[in-house]
Every structure is written in C-alpha cells, then in structure tokens.
Amino acid sequence: MRINRRQMLWMSLGTLTTACTTRGFQGSQTANPSTSNTLEIWWTKGLVLAEDEAIQKIVQDWQRQQQVTVNLSFHKQDDILQKLERSYQAGNPPDILYAYKADLALNPRFAWEGKLVDVSDILESVKSDCLPTALEAVSFYNSAIQQRRSYAIPLSQEATYIFYNRDCLKKASLSDHDLPKSWDGFWNFWKQVQEQMNPQPSDFYGLGIPMSSGNSDTYVFFEHVLQAYNVQLLNSQGELQLNDPKLRQQISQCLEWYTQFFKQGHVPPNAVKWLTPDNNRALLNHSIAMTVNPSMSIPVSQRENQEAYFQQLGTVNFPTKPDGTPLDPLVSVNQVVILATSQKQEMAKTFLTHLMQPQILNQFVKSSRGRFAPVRLTAWQDPFWTNASDPHIPILAKTLRDRPTRLFYSIQNPAYSQVFQQDVWGKVISQIAANQITVEQGADQALQTIKEIFAKWVSS
C-alpha cells in the first residue's frame, strides 16, 4: 500500500492561494482587506480537493445572490495561524477566518482579548439542532465584559482514532479479533506484532507514536494519555490545579508510559523528527503497524484506493483506561470566526448564516469524505454517516454521535490554548526520547511552563 504522488500531495496539505469574486477567481488587489468593499475570507486548505471546491461553490452561490464581492484565499494548515497573527499586527487581517485547530490555539485567546465578533444571534435560530458539545466549544470568555458568549460558528467536529495495517497483523499471524480491549494489553499487542512480523524488515516498527515537538499529534495523543490516567490539570471552573502534590508524580508516570515504547525500540527512531503528516505516511508506507491520529484523514487519503480503504486499513477507538473504565474521546470542533477589526461584520454574518443552512453545511462537511463529522443533529440522518459497508465512517458516528465526549482544556480556560501553542508536551517528550532529560525533569519543566503561562494570563 504505497502512497502515490497525488496522495502525497493530499497528506502534505500543500499551500494554495486563490481568490473568489462574483465573476471568477483572481488575486486580492487591496492592501487593507478590512476596509475595502470586498469580503476577505481566509480558509484552511482541505485535505482533498473536494473540500476546497465545496467552499468555493458556497461562496460563489452566495455572491450571486447578494451581488457582493468576496476574496476567498486558501492557506496551508501549518501556516494560517501564524499568518493571521502577522496580519493582525500589521493591521490588515481578514474579515472571516476558518483555521484548523484554531479552537485549541487561537479562538479562546482572541475571544478573551475582544478580537472576535459575538455571533450568538446567528446560533440562536439553529442551536436546537446543534450538538451540545459544539455549542460549548464556541462559548468563550471575554475579559472585557466578563461573560461567556458565542464567538465562533461550529462547522464540524473530529475525534482521535487508532489506525492500523491489517496485512501487518496477518504477517504476524494475528487478526482484528485479537486486538485487546484493555489498556496495557492493547499497547503491548503492537509490540507483539513487531516481534512476530514475518518476514520482519529491519525498518519496521509496531507503534507509530509521534515523539516530536512541532507535531500537533504529539500534543493531542498525550492529552488522551493524561485523561487515561485520570490526571486533572484544571478543575470544573477552569482553574489550574498545580497545588496537588500527586500531580508531578502523575505527569511523570504519563511521560514514562508515553516514551517507553520509543526507548524499547518499538517506535521508529525518526519519530523524534516527525512533522504532523509523517506518522500518516509511515503507516501508509508500511513502516509501522499502527498510529494515533486526529480525524479520519488517513483513510480519507486512500478513498481512491479501494483495496487500501476497504481491506488493508483498520480503524478502532482507544482501549479502556488502565482502571478499566471507558476513555471519553477528546473532541475538537472546527470553527469559523469573524474578526472584530472587520468593517463588514453584517456582511460577514449574512454569509455565515447562509453557510449554516442545514443542506449547505451538510454538503460542506461531507466534502471532507468523512474526515470530519457533523455538528448539526439533522445532518446525521444522511445515509452517508450510517453506511454499514464503510469500514471507517460507522466508527466515527459511534464515537461522535453516540458516546460521551470531552472538549480540550482550551475551552475551559483560554490560558491553556498557549499550552498547545507553545507545544509544551511535544517539547518535553522529544527531550525525554532523546535522553536529554528524565521524565521527572520533563514533568517539572512542563509544570513550570504551564504555571508561567497561567501567571502571565492572570496578570495581563
């Protein structure tokens, strides 16, 4: 199951910038989009072309209806947040922003600082058809008014799954039915796959666990590990719980668990250098038996390869926690926001109201081919999400529609968004894997950084 050139382009989420007007597509001609007559929209480039085409069509249709001009530009996933920060400082941010992972890194902070427009009026008419988790995910605290309001529109959601190669199991004389449900049994199973692989290539590893800083998957997976071991960094009020004397020991234990597989030789040595797409590529190129990855991006990238999608790739949820209880999936809600600097806020709200229409939004979410899932309740009635012949989508539906889920800490407290932005977990994990620091030093370093982040937040 080698990935071809086209699939490689998808997995790299390459950059593309185009612009949309009522007459077609052209580059932006304005130095300050927020004060021109053109609605400026920045959008994260999709994993597949269909995602880009879907939003282009939505914009074009709306332009014709409203007789307005829109400049729609696509930006690489890894760049868009940094570009937004620079454009904001330069005084020329867009009117509308859809940035992948902004719910973890940007929107909570921008809402706190008063940089986002309150869109509660848009959500009022549709909230009865929205999942409670989606509404909670866009409710941010504004320090100026000292209240929570809806400062984003939820478009879709994603969870984190475990993907694996069935043919690797077969070569190890194992099958899907052998997958343990318990925590220790599950992770040790992949060590067994590596040891029993026949023939066993020298560059094959049982576990594709990212160990690098700069790879958002490292942060996301480690947050799940913290939850698995019942480590609670914030209380229900979003307050930091660093005074708990057991916390340092608990985080050390999680860091030890996370890095042990690398030190034992069951994770590729170059995992300490992986960028966000690299564990996907390693799985598709059969150099690892499994990996942990947010969204359904791995099977979606193989939609055109029927054998890979239906026969070779397997998808499962996390095993039970070490104490035997279920691990509630951490959910990320993809959101679109209006920047408070926009001089065209009413026009922007009109567009987002159009986008939130059930049929339009469902078609947009479906354009991801199952990478993301709906946030509107009625959207789940579409047979696409309940197709029993699909080996991956029903798992998505069971996870995000039928099970209890939990949002990341960024929603509870905007200060925690900087834990993601500063890649606190990735930095200490990569240092521990490289034997530069011990797990205890890693725990101390992480806790100190988090403490400093929250201290600056309170004083700002």
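Residues numbered from 1 in each chain as written. Predicted model: local features only at pLDDT ≥ 70, side-chain atom pairs only at ≥ 80, totals over all residues. Heavy atoms only, no water.

A count of helical and extended segments in the chain gives 20 helices and 13 strands. In the chain, once contacts between residues fewer than 6 apart in sequence are set aside, the share between residues at least 24 apart is 77%. Surface summary for the chain: the accessible area is close to 18500 Å², and the carbon and sulfur share equals 47%. Separation of charge centres in the chain, based on 41 positive and 41 negative side chains, amounts to 3 Å. (Helix = DSSP H or I, 4+ residues; strand = E, 2+ residues; numbered from the N terminus. Contact = heavy atoms within 4.5 Å. Areas by Shrake-Rupley, 256 points an atom, 1.4 Å probe, with all protein chains shown as cover. Lys, Arg positive; Asp, Glu negative; His and termini not counted. Charge placed at Lys NZ, Arg CZ, Asp CG, Glu CD.)

Attention shifts here to the nonpolar core. Trp 43, Trp 187, Trp 190, Phe 351 and Trp 425 are the most contacted members of the largest nonpolar core, which totals 154 residues. Residues within four places of Trp 187 in sequence aside, it is in contact with Ile 162, Leu 207, Phe 221, Trp 257, Phe 261, Met 290, Val 292, Phe 318 and Pro 319. (Core = buried A, V, L, I, M, F, W, Y, C linked by side-chain atoms within 4.5 Å. Buried < 20%, exposed > 50% of the residue type's maximum accessible area, 1.4 Å probe, protein only.)

Bringing the side chain of Glu 85 into the picture now. Structurally, the position occupied by Glu 85 is in helix H3 (residues 80-90). If near-sequence neighbours (up to four positions away) are discounted, Glu 85 is found in contact with Leu 106, Arg 109 and Phe 110.

Here we take up the environment of Ile 411. Assignment of secondary structure puts Ile 411 in the loop between strand E13 (406-407) and helix H18 (417-421). Placed 304 residues apart in sequence, Ile 411 and Asn 107 show a C-alpha to C-alpha distance of 9.2 Å. With sequence-adjacent residues up to four places away left out, Ile 411 is seen in contact with Asp 103, Glu 136, Ala 137, Ser 139, Phe 140 and Arg 148.

Summed over all chains, the structure comprises 19 salt bridges. As a salt-bridge pair, Arg 401 and Asp 402 come within 2.9 Å of each other at their nearest N and O atoms. Accessibility expressed as a relative area gives 36% for Arg 401, which makes it partly exposed. Here the salt bridges share partners, and the residues they tie into one network are Glu 85, Arg 109, Glu 113 and Lys 115. (Salt bridge = Lys/Arg side-chain N within 4 Å of Asp/Glu carboxyl O.)

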